[in-house]
Amino acid sequence: MAITPLDPQSLYRVSTLAGLAEDCQTTADLPPLDDIIGQERAQSAVEFAMSIHEKGYNIYAIGQNGLGKRTMMLRYLKRHQFEDSQLHDWCYVANFDDNRSPRVLRLPAGKGNGFKKDVEKLMIRLVKAMPLAFDNEMYYSRADKLKGELARQQETALTALSQEAKEKNISLSISVQGDYQLIAMNGEEPHTEESYDALTDEERAEFDTAIKGLEKRLRGIIRQLTEWEEQFSDKQQEHDEQVAKEVLAHFFKPLKSKYRDLEEIRSFLVEMQKDILDNLDIFLEESEEQLGLAYAALDKKMPRRYQINVLVCQDEHQFPVVVEESPSYHSLFGYIENATFKGTVFTDFSLIRPGALHRANGGVLLMDAIKVLERPYVWDGLKKALRSRNLDLNSLEREVTLSGTISLAPEPIPLDVKIILFGDYQTYQLLQHYDPDFNELFRVTADFEDVMPRTDESEALYARFISSIVHDNSMLHCNRCALERILEYSSRQADDQTRLSLHSANIANLLRETNYCAKQVGAREITREHVEMALKNQELRVCRLKDMVMQQFKNGQTLFSAAGMVTGQINALSVISTTDHEFGAPNRITATTAFGKGEVLDIEHKVRLGGRIHTKGVWILTAYISSLLGRQKAIPLTTYLTFEQSYSGVDGDSASMAECCAIVSAISGVPLRQDLAITGSMNQFGESQPIGGVNEKIEGFFDVCAIKGRTKEQGVIIPASNIKNLMLRQDIVEAVRNGEFHIYAVDHVTEAMALLTGLDVGNVDDASLETLLGRAMARLNQIAKNARDD
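As the structure is a computational prediction, the values presented were derived from the model and not from experiment. (Residues numbered from 1 in each chain as written. Predicted model: local features only at pLDDT ≥ 70, side-chain atom pairs only at ≥ 80, totals over all residues. Heavy atoms only, no water.)

1. Section: helix H26 (residues 730–737)
Looking at H26, one finds that the buried residues are Ile732, Val733, Ala735 and Val736. Buried positions in H26, seen along its axis, are confined to an arc of 160° and lie on one side of it. Contacts made by the buried residues of H26 are with helix H25 (694–708) and strand S30 (742–746). Backbone geometry just downstream of H26 places glycine 739 in the positive-phi region, at approximately 75°. (Buried < 20%, exposed > 50% of the residue type's maximum accessible area, 1.4 Å probe, protein only. Helix = DSSP H or I, 4+ residues; strand = E, 2+ residues; numbered from the N terminus. Arc of directions from axis to C-beta. Contact = heavy atoms within 4.5 Å.)

Put into structure tokens, the structure is as follows:
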């Protein structure tokens, strides 16, 4: 049965936006899309993970770059409120019992900064009020009274002792420094050595006994004086504390009342009040040098000991969603700064700084998996935090060195966060294979689709997705024709008439460039012509290599025929890829035969330019030819197969049908049409199999035919299973419509042989020379006969 070329309608599926109402003429009439388009599977996974609060239900989002995973995830998270999430503000404060272990305070979301300001106001007022409380007449009067009582006690005791000494003719004198002298008196004058020596032994003994007794009494009085001074100091301290308590009670009362419902805060305020009483010198010290370090640094004139370090202050009405672009250890887990004051390096709780995990606590943290794995110690730290569900802010230097440098050991913060890692399949498989903790901590996989089905309903949704990009970026609105062309472009990107590409980055980039083109010509809205202009500009920017390849066809450097018939020579189709561009170009495949043992020698494989898949394809077609022509006896020929002018390697099996046809042509001696090119894989039974890049391959051959000279017989043979992948350029569709180019779809390699040779393929049992296989078998039989005769 004759194979007819495909009709123009099969080559390109036009979008009509039948799913949109007729009155929707531009994206201004379309509401932006709130949900993730075409990602129901991934969205379901995210909803499942967000609903479970147990440990380990974090998300690994799999998909290629450019799918818009992050954008779609952020849009979903920000437009869905998770009311059951518990949000808190976290503050670090001084631990009055152990300065090296700062305490954590937990407050309701949005209250942290207010509490900090309240304490700052309190401290600033105390810094002013406390010295005033100790600098007034009432305080001085009470202090003087206590001093007077001490002085009177001291004076009474010393006067009595002095009088007793006087009665015994002994003089008692005490210096300010506490030194004392007891001197024997001779009337009103002290004894001289001569006068003292002149005394009788009894008189001198009497003086010595009296002096020793007075010294003993004096030592007892001095001990008593010390006790009185201690009592005075205690009374003075009690007096100062009583004054301070009255001041503190006055200033702390409103604050305690304000936070009476927060037991943790009330307890901290009580401890702070007690600590202030123990450290009144901070408020009363007059020496700036001594106070310098206590007040050092910084933004406000208040003691550092009583500052509130608000690590995180959440918006009580907004679910925290944090994107960490550069997940280093410090940016993720926080760090402790050092400050310098007059050459002294110090740190304390007020210098603790938050990381992304602190900001995302109670919400979601999104990161790129590759970046997390690239940074030292980040992956291990993240696993530790997720396992313990605590944020333990320890110095990285202490973790990775053997030094015992003194640092802070802050109290850990309870961690309740969902981690979303974005990555590709290779990274996902590596983590699964090499890290046993990965599956335990990331139990939910959000697998993002590359394409979505193309229906009237999905086209309408896609139009709303385009509208959301337009609205988010304040672009010119797209009219209906522009939307249709963008949908057709998306289908071409998906390489499928029945699918739409979900690579949102490509669509967003096209819209930006289309918007630029429209504004350049002063348009008020984006039309189909502007989309075509942007696509043409894109092609122009990236097609340098394509132009170079086509130039080689023009100047004859690449040998190629687009007309006539040649034995053992066929035009195959290939795709050449660069980083951001793919284009097709034809390749000449040739096959020659010589007397042998039925082998097919793949020259590409012999010189190691053929990849494994290509080699497999050659072995498959060899098996087919052997089953076709060598079923009853061995094929007495060896075939040599090669890609002509191929210098950079060949891989893939999409040329196996072309290679099979070239080999049969070489064996049978029947020439092949050069105005037809062929692409397609095949199995051992000769059935055609689909291949990739079919649009680029057809367009590449069409362009080369235009260079070599167009004829109305030129065309391309493709597998029938690739018909749904066709989204060809409009000039090719027009050429097919006008009968100037032909695209044939085949289900079996024999159909391609019939098209290329113009003969019926027949079968090996048919001795007719009017069939291709008949001629092949006749030649093989003749070669075998000649070999026997020799």
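2. Digging into the nonpolar core
Counting residues in each nonpolar core, the largest one holds 70 residues, and the members touching the most others are Phe115, Leu126, Ile276, Leu365 and Ile419. In terms of residue count, the dominant contributor to this core is helix H3 (residues 112–133) (8 residues). When neighbours within four sequence positions are excluded, leucine 365 is seen to be in contact with Val322, Glu324, Leu332, Ala356, Leu357, Ala360, Val417, Lys418, Ile419 and Ile420. Counting residues in each nonpolar core, the second largest holds 57 residues, with Ile466, Leu487, Ile526 and Val531 among its members. (Core = buried A, V, L, I, M, F, W, Y, C linked by side-chain atoms within 4.5 Å.)

3. With respect to the pattern of salt bridges
This structure, assessed with the given rule, holds 29 salt bridges. Between glutamate 699 and arginine 492 there is a salt bridge; the shortest N-O distance is 2.8 Å. Residue glutamate 699 is located in helix H25, and its partner arginine 492 is located in helix H18 (residues 480–493); the two are separated by 207 residues in the primary sequence. Assessed through its relative accessible area of 7%, glutamate 699 is described here as buried. A salt bridge links lysine 546 to glutamate 539; its shortest N-O distance comes to 3.6 Å. With relative accessibility at 31%, the residue glutamate 539 sits in the partly exposed group. One network of salt bridges, in which partners are shared, links Asp380, Lys383, Arg387, Asp435 and Asp437. (Salt bridge = Lys/Arg side-chain N within 4 Å of Asp/Glu carboxyl O.)

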